[in-house]
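Residue strings, one per chain:
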There are 2 protein chains.
Amino acid sequence: MVNKTILITGAAGFTGRHACSYFAAQGYQVVGTVRAFPVDLPQSPGLRYVVCDLTDYSSVLHLLEQIRPDYILHLGGKNAVKPSWEQPLDYMETNVMGVFYLLEAIRTSGIKARMVLANSRLRFDLTDKPQPNHPYGLSKSLGGTAALCWSRLYGQDIVIGEPGNLIGPGPSTGICSLLGHYISREEQGRSGPPFRLSSGEEKRDFLDVRDAVRAYELLLHSGDSGVIYPICSGHELTLRDTAASFAALSKVPVRIEEDAQSSLKPGSVEPAEQPEALMKLGFQPSVTWEQSVRDIMAYWRSRRD
Amino acid sequence: MVNKTILITGAAGFTGRHACSYFAAQGYQVVGTVRAFPVDLPQSPGLRYVVCDLTDYSSVLHLLEQIRPDYILHLGGKNAVKPSWEQPLDYMETNVMGVFYLLEAIRTSGIKARMVLANSRLRFDLTDKPQPNHPYGLSKSLGGTAALCWSRLYGQDIVIGEPGNLIGPGPSTGICSLLGHYISREEQGRSGPPFRLSSGEEKRDFLDVRDAVRAYELLLHSGDSGVIYPICSGHELTLRDTAASFAALSKVPVRIEEDAQSSLKPGSVEPAEQPEALMKLGFQPSVTWEQSVRDIMAYWRSRRD
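Residues numbered from 1 in each chain as written. Chains lettered and ligands numbered in written order. Predicted model: local features only at pLDDT ≥ 70, side-chain atom pairs only at ≥ 80, totals over all residues. Heavy atoms only, no water.

**Q** What's the story with the confidence of the model for chain A in this structure? I'm lost.
**A** Low pLDDT means the predicted atomic positions in that stretch should not be read closely. For chain A, the average pLDDT comes to 92, and 95% of its residues sit at 70 or higher. The complex prediction reports pTM at 0.91, with the ipTM value standing at 0.88. (pLDDT = per-residue confidence, 0-100.)

Have a look at this one:
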């Protein structure tokens, strides 16, 4: 029995759902924040949800004063690249000011909560000559740096995790989820155009979201304050092999096409990032690629949409 | 006759007052934004003021759609180190989100305005191991980087000026202004404790605010988009010599003391930063140190407080 309270923001999100269930099963008292109550949130003993607008400081402060958590896992935020181009202010308010609101609420309420911030591998390095990729990347770059700096200025205990491509059952918008959704629709006879890969050669590091959640727990307990931890598997697959793994489980023939024009230039492939810092804390991915693929397929086959 | 409209934010501030008067005298149509109307704003033909809360996006957007400026000189913001420790959210909302609000308002209103952002030499480099100095420095570091990145993402025309210690007549809170205020009070017979310098050896680069305003005009016309320009004189004075220049103009004996404990360690003095990039655009400081000191003294002697 852990008997600690953890506040998990973004509880209705892909990672948030797994995190809430996992920490509740481990014996934590879990409070998950949601913007509004979706109908299908996971339920379990020790897990409850509260509605909180993370871009409203007084709501965040009130929440922390009520809950007084021992741990905060900040997963909440806006996480899509494409809409960030049209709604950049929403991204900055949520992903930059949202971090400040939580940190300031911790500070002014005098809570001794350790916080793990889920940042993004899609951030870029902030320098005098920055190479921003998109407004989403800008928001995560500023938000992550804001948290690091705040931790130094005010001596607050903050660890930063940077997940790459998290996969698994649930409402993800990543490539594996799209493949699972596509195949389940084909299986249901609702045939569409072929599934298009932007490139067959491009490689991705995939980590199951359930391993990522265990990594977050490790960071909450053993991560070094003020340090950034990549959260990944250290293994890469080409998108071609990724799609083939899903196609192999399909009950019907599926058509997967590659956009030849966007294949990678020779020499543009960097070695896979390794989760060394995490592994030094004892982390080992435990969900196999095959298991992830099966579970993603099962998730989509079980849905009616 | 310039016949261009310039929007100057922070018009009631130390630099803002000089900027509004200067650009109006040059023939620009000047619109200065203030949070509320102070009684003593400079008035001149071609210069008007509007109240605008720069932390309220819809107000900023409405303002830009009304004014449709050719140029924007963004001087508005929070600029003091000490209160930033207690009110960090105000600093982030004003100095980070305030920059985003202006940029997004320019973008969505489709105005082709060139913007010069006045950032601060008190920013620090943003890296994975940042060395933040104070929340004010953090807010300016994030705000300046935000502007650079935005300019790259959306192709907006933004130039960044980084003034050091601006001096001159007006409501500054810098060391020269404090010295002028102190001496004028001593001259009025309202004697206080001695003026204390944190260190006699410490050096500062001072630039007259009227030269800085001309530098901003140069940046608006000739600065390279996406580039940071230091705005300084390239000459440094010790605080001891600074104080001596003011004491020499005093009509009464004044007591200036140095805090011996905080004198600089050998080797900690870096060479003065040079305004090379600005000088390549044709910039030359024109107000002498003696003139600045005389004008600061005249300003404080003319005030009743």
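The discussion continues.
**Q** So what exactly am I meant to see when it comes to helix α2 (residues 57-67) of chain A here?
**A** Given 3.6 residues per helical turn, the α-helix brings residues three or four places apart onto the same face. Residue and element names in this part refer to chain A. Turning to α2, its buried residues number three or more, namely Tyr57, Val60, Leu61, Leu63, Leu64 and Ile67. Down the axis, α2 shows its buried residues gathered within 160° of arc, on one side only. Arg68 lies just past α2 and shows a positive phi near 45°. (Buried < 20%, exposed > 50% of the residue type's maximum accessible area, 1.4 Å probe, protein only. Helix = DSSP H or I, 4+ residues; strand = E, 2+ residues; numbered from the N terminus. Arc of directions from axis to C-beta.)

**Q** Any chance you could explain the packing of helix α6 (residues 175-187) of chain B against helix α10 (residues 289-301) of chain B here in plain terms?
**A** Helix-helix packing is characterised by the crossing angle of the two axes and by the distance between the axes. All names here are of chain B. Relative orientation of the contacting elements α6 and α10 amounts to 50°, with a least axis distance of 8 Å. Relative to α10, α6 is oriented oblique. Between α6 and α10 lies a crossing of right-handed hand. Along the contact surface, α6 presents Cys176, Ser177, Gly180, His181, Ile183, Ser184 and Glu187, while α10 presents Trp289, Ile296, Met297, Trp300 and Arg301. For the contact of α6 with α10, the residue count by class is six nonpolar, four polar and two charged. (Axes fitted to C-alpha atoms, helices over the stretch in contact; angles between N-to-C directions. Parallel < 35°, antiparallel > 145°, perpendicular 65-115°, else oblique. Left-handed = near helix turned anticlockwise from the far one by under 90°. Contact = heavy atoms within 4.5 Å. Nonpolar A, V, L, I, M, F, W, Y, C, P; charged D, E, K, R; others polar.)

**Q** Looking at this structure, how should I read the pattern of salt bridges?
**A** Close approach of charged atoms allows side chains of opposite charge to pair. Counting across every chain of the model gives 23 salt bridges over all chains. The shortest N-O distance in the salt bridge between Arg301(A) and Glu187(A) comes to 2.7 Å. Here Glu187(A) lies in helix α6 (residues 175-187) and Arg301(A) lies in helix α10 (residues 289-301), a separation of 114 residues in the sequence. Notably, a salt bridge pairs Arg210(A) with Asp208(A), separated by 2.7 Å at the nearest N-O pair. A residue is classified by how much of its surface remains accessible, and Arg210(A), at 27% relative accessible area, is partly exposed. A relative accessible area of 2% places Asp208(A) in the buried class. Here the residues in one salt-bridge network are Glu104(A), Arg107(A) and Glu86(B), joined through shared partners. (Salt bridge = Lys/Arg side-chain N within 4 Å of Asp/Glu carboxyl O.)

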